[in-house]
Amino acid sequence: MGISERLAALTTLSSSLEYLHQRKQLESGGLNDWEIMRESPESKNPALRKLTDIVSGRRTTVALHAARAAVSAGLLLPGNSRWRGAGNLFLSGTTGLLQARHRYGTDGSDQVATLVQSATGLARLSRTPQTQDALLWYVAMQATLSYGVSGWVKLVGDKWRTGEALPGVMRTRTYGSESAYRLTQKHPRTAKYVQHGVLALECLFPLVYLARGRLTRPVLAAAGSFHVTNAFVMGLGRFMTAFTSMHPMVAYTTAPISHPAVAGRDDRAVKAAGILLAAGIALSAALAAQRRSVVLEGWPTSRTVTTRHGNELQYETGGRDDADTPVLVFCAGLSSTSEHFAWITEQFAYDSDHAVVAYARSGYAGSRRHSTGPYELGESVDDLEDLVRQVVPENRKVILVGHSLGGELIRRVSPRLADRIAALVYLDPAHPAELQRSQRQSVGAKDLRETIAHATRYLTLGTGVVMSRPEWVDKLPSRYRDKVFAQYTDARLWKAAKREWAAVEEDFRSFDGDIDPITAPGLVIAAQQTVDQDPDQLLLYNELVQAHRGPGQGGLKVVEDADHDSLLTDARFAHKAAALMADFLTAVSGDADADGATHPTAQAGAEQ
């Protein structure tokens, strides 16, 4: 405990001295200006905000850091009194208190130091050796998880396996080193060996508990050397003292019980952790099964159709059954649910004469993919065509509405349903040339592929129980939220998205030429942030508008302040999009009525 608390104290001492040295950043306009920082996610809780408001004045903050520096220095002195426990708890408590105050400057080293100081503080104040051993085991297990999980997460990414990660980090301004980067370029094989060595160290760190302690010294020496190197090369000085402050706990718990230094050690914490882990796994499996059942059952009004590929598509209908008005069919984007359209579909279902149909592509929600062949986008286009022909009566026209990838799917199916389509509405749609003509989209494609792959792997392992609920979910209508979140924590959605995105990349990167003309009226509704951040996307949208060459074109409309997802999930923007759609459909209906009134007269004149 003495070694650990002193190393953690060094971390806190250097942290507070840095803040005192840069105290000008606490002033108005600084990086840690409280008038700005109080709006950070850490301060959204009203109770927490009131508490941090008390300590966030410039003088109070400076005084706290001065006190932290003094206590940290005191903990570096010799001694084993219980007062050292109070000092450790003061440091960990003030770190948490100042977390929201310092949005910039806090990092993993502060979290590790807080963990160690909380454990050693409680252990110092405890009067029972059993409680002290339990706390030391807690830190040791946290250390093992920190290294092991970090290594396996790196192993999943391509860059660490291929050797691109180290040169990439060395090229950054924040953590990079020009001389180190040059060495990686001069000796690429050695750089690759170094990366693989780090991976091996982190992934295999839990093995330190094997061989009755004989692996402890070499493993901890390697880990310590890794942090020392990072301190000098990457400037991560506090990491050097923070992470090594956990090493004494690891050494203590890996020593065989027969060793004199650990005689009488209480190891019941390991059994307790095992029981809790087993209970957690069981709970995770039960929750995953419950969420899967919610996903598959759909809504009380859900129905299914079977397509030519044998796929079962789950869909919902709503609105008025007026044979004189077209049916709106909604096609969602990649890794999106049909419920994403809730604000729009509800508005049309309750406040218009249109009927609506929203469906889930195969693999999403309760829709099942039974096709055994390799997936191509054409399969989803076939499924959409079959859905329309089976669900919408032959005497009814349809208006296809697609968001993101769904926009491209409705464009591709439109020639097949030319006699049925009244109009097409694109909501921030994909374009088959975007990966070739938009640098932003091309670069982002790889990141998206990795994100989907990671989500698929982790959720397949049952980690949905710890998945945080995205903010956009709680912006949907209340009755849709739980079901949408259940879908997002289900690996099926991400497996379907992974399959689709692989096909999208192959298809879009091989696209050559212009998109085919479309005779049906079309409206493109773009999110402002999409076109502002990527001017190439605006050009692609205009190209899509120009492809619609028939009468009654809606052109391109932009919803201010909306981004790609909030265009649907935020009520403000979704209602604006719905209003634009309604105006467009009214115009289309007027043109259709005009055509219906004109043609018979012209025919009569010809007959006369």
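Structure shown above.
Residues numbered from 1 in each chain as written. Predicted model: local features only at pLDDT ≥ 70, side-chain atom pairs only at ≥ 80, totals over all residues. Heavy atoms only, no water.

Participant: Mind showing me how you'd approach the layout of surface pockets here?
Facilitator: Remark: the empty space left among the atoms is shown by a probe the size of a water molecule rolled over them. Approximately 1200 Å³ is the volume found for the largest pocket. Around the largest pocket, the lining is made up of 33 residues, and of these Met-141, Leu-145, Val-149, Leu-277 and Ile-281 lie nearest the centre. For the lining of the largest pocket, the secondary structure elements donating two or more residues are helix H7 (129-156) and helix H15 (268-297). Of the residues forming the lining of the largest pocket, the biggest block, 12 residues, is contributed by H7. (1 Å grid on protein atoms, 1.4 Å probe; cavity = no way out; pocket = protein on both sides within 12 Å on 5 of 7 lines; lining within 4 Å. Points joined across faces, edges and corners; volume = space filled by probe spheres on them. Helix = DSSP H or I, 4+ residues; strand = E, 2+ residues; numbered from the N terminus.)

Participant: Looking at this structure, how should I read the packing of helix H17 (residues 377-391) against helix H18 (residues 405-413)?
Facilitator: Angle between the axes and distance between the axes are the two parameters that describe a pair of packed helices. For the pair H17 and H18, interaxial distance at closest approach is 9 Å and the crossing angle is 70°. In terms of orientation, H17 and H18 fall into the roughly perpendicular class. Handedness of the H17/H18 crossing: right-handed. Here H17 contributes Leu-377, Ser-380, Val-381, Leu-384 and Glu-385 to the contact with H18, which in turn contributes Leu-405, Leu-409, Ile-410, Arg-412 and Val-413. Residue composition of the contact of H17 with H18, by class: seven nonpolar, one polar and two charged. (Axes fitted to C-alpha atoms, helices over the stretch in contact; angles between N-to-C directions. Parallel < 35°, antiparallel > 145°, perpendicular 65-115°, else oblique. Left-handed = near helix turned anticlockwise from the far one by under 90°. Contact = heavy atoms within 4.5 Å. Nonpolar A, V, L, I, M, F, W, Y, C, P; charged D, E, K, R; others polar.)

Participant: Explain the nonpolar core here, please?
Facilitator: Most often, soluble globular proteins have nonpolar side chains that are buried together. The biggest cluster of nonpolar side chains holds 67 residues, and the ones touching the most others in it are Val-329, Leu-377, Leu-384, Leu-387 and Leu-400. Examining the composition of this core, we find that nine residues originate from one element, helix H22 (residues 491-509), more than from any other. Among the nonpolar cores identified, the runner-up in size contains 31 residues, and Phe-348, Ala-349, Ala-358 and Ala-574 belong to it. (Core = buried A, V, L, I, M, F, W, Y, C linked by side-chain atoms within 4.5 Å. Buried < 20%, exposed > 50% of the residue type's maximum accessible area, 1.4 Å probe, protein only.)

Participant: What is the right way to read the pattern of salt bridges from this model?
Facilitator: Opposite charge on two side chains allows them to pair when their charged atoms are near. By the definition in use, this model includes 30 salt bridges. Note that Arg-308 is salt-bridged to Asp-386, the shortest N-O span being 2.7 Å. Highlighted residues: Arg-308 in the loop between strand E1 (303-306) and strand E2 (312-319) and Asp-386 in helix H17, separated in sequence by 78 residues. The network of salt bridges with shared partners includes Arg-308, Asp-382, Glu-385, Asp-386, Arg-389 and Arg-416. (Salt bridge = Lys/Arg side-chain N within 4 Å of Asp/Glu carboxyl O.)

Participant: What is the right way to read the sheet that holds strand E5 (residues 398-403) from this model?
Facilitator: Sheets are built from strands paired through backbone hydrogen bonds, the pairs being either parallel or antiparallel. With mixed pairing, eight strands are arranged side by side in an open sheet as E1-E2-E4-E3-E5-E6-E7-E8. The outermost strands of the open sheet, each flanked by one partner alone, are E1 and strand E8 (555-559). Neighbouring strand axes in the sheet, compared pairwise and without regard to direction, differ in orientation by 25° on average. Sheet topology places E5 next to strand E6 (residues 421-427); six bridges connect them, and they run parallel. If you follow Leu-400 over to E6, its bridge partner there is Leu-424. (Pairing = 2+ DSSP bridges.)

Keep in mind these values describe shape, not function.
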